[in-house]
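An overview of the molecular structure
Listed here are the chains, written in short residue letters.
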Amino acid sequence: LVRVHFAAVDPIDLKLLTGEYSDMFHIPIHRFPFVPGFDAAGEVVACGAGCSKLKVGDKVVLFLGVLESCYEEATFGPAGACAEYCVCPERQMCKVPADVAL
């Protein structure tokens, strides 16, 4: 679980919200709550059992992944980087060096 400090709004977010990609991805934008955003930076506040490279307190950048988070079988998402907190698999996060401020 990541506390989001910064999130990006990319062209894909706008296309998803306008329905341009509705045939390509199963994204329930017509059902609320729907939180857009695939890219974020923040701080790890909780780790799941399979988390081995990151720990609580680590600063990270993350990509929720359009393909990874927008299918019915996804275990996280869809999207959600524009929320206060988001869930993201460890494999889709990179640790930010300690000397880089968020």
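Notes on the structure in this doc start here. Every chain's residues receive numbers from 1 upward, in the order its sequence appears when written. Per-residue local features of the predicted model are confined to residues with pLDDT of at least 70, and side-chain atom pairs are confined, for both listing and counting, to 80 or more; whole-chain, interface and lining totals are unaffected and use all residues. Values shown for side chains rest on all heavy atoms present in the structure; no hydrogens or waters enter the calculation.

**Some details on the overall build of the chain**
Quick note on the threshold: The way it works is that DSSP assigns letters per residue, a run of H or I at least four long becomes a helix, a run of E at least two long becomes a strand, and they are numbered from the N terminus. Each residue's exposure class comes from its accessible area (1.4 Å probe, protein chains only) as a fraction of the maximum for that residue type: buried when under 20%, exposed when over 50%, partly exposed otherwise. Note that accessible areas follow from Shrake-Rupley with a 1.4 Å probe, and for residues the cover is restricted to the protein chains shown.
A count of helical and extended segments in the chain gives 2 helices and 5 strands. When the helices and strands of the chain are read in sequence order from the N terminus, they spell out β-α-β-β-α-β-β. By the burial criterion, 34% of the 102 residues in the chain qualify as buried. Total accessible area on the chain is roughly 6200 Å²; 59% of this is exposed by carbon and sulfur atoms.

**A few points about the environment of Cys47**
Formally: In what follows, residue pairs with any heavy atoms lying within 4.5 Å of each other are defined as contacts.
Summarising the element assignment, Cys47 is placed in the loop between strand E2 (39–44) and strand E3 (59–63). Sequence separation between Cys47 and Pro89 is 42 residues; the distance between their C-alpha atoms is 9.7 Å. The contact partners of Cys47, leaving out residues within four places of it in the chain, are Leu54, Lys55 and Val56.

**Remarks on the pattern of salt bridges**
Definition in use: The term salt bridge refers to a pairing of a side-chain nitrogen on Lys or Arg with a carboxyl oxygen on Asp or Glu at a separation within 4 Å.
A complete count under the given rule lists 3 salt bridges for this structure. A salt bridge links Asp58 to Lys55; the nearest nitrogen and oxygen atoms lie 3.0 Å apart. Overall, Asp58 belongs to the buried group, its relative accessible area being 5%. The salt bridge involving Asp58 is made with Lys95; its shortest N-O contact spans 3.6 Å. A residue pair is termed long-range when its members are at least 10 positions apart, and Asp58 in the loop between E2 and E3 and Lys95 in strand E5 (residues 93–95) qualify at 37 residues.

**Re a nonpolar patch on the surface**
As a reminder, the rule being used: The patches reported here contain residues having more than 30% relative accessible area and no salt bridge. Joining distances are 9 Å for like charges and 5 Å for nonpolar side chains (Val, Leu, Ile, Met, Phe, Trp, Tyr).
A cluster of nonpolar residues, Leu1, Tyr85 and Val87, forms a patch on the protein surface that exposes about 270 Å² of accessible area. Residue placement: Val87 occurs in the loop between strand E4 (85–86) and E5.

**Quick word on the pairing of strand E1 (residues 2–8)**
Spelled out, the test is: Pairing between strands is defined by DSSP: at least two bridges between the two strands are required.
Sheet topology note: the E1/E2 ladder contains 6 bridges and is antiparallel. Bridging across to E2, Ala7 finds its partner in Ala40. Summarising the sheet, E1 and E4 pair through 2 bridges and their orientation is antiparallel. Paired with Arg3 across the strands is Tyr85, a residue of E4.

**Points about the sheet that holds E2**
The strand order E4-E1-E2-E3-E5 describes an open sheet built from 5 strands, whose pairing is antiparallel. The open sheet has two edge strands with one neighbour each: E4 and E5. Here E3 pairs with E5 via 3 bridges, running antiparallel. Its bridge partner being in E5, Leu62 is matched across the sheet by Met93.

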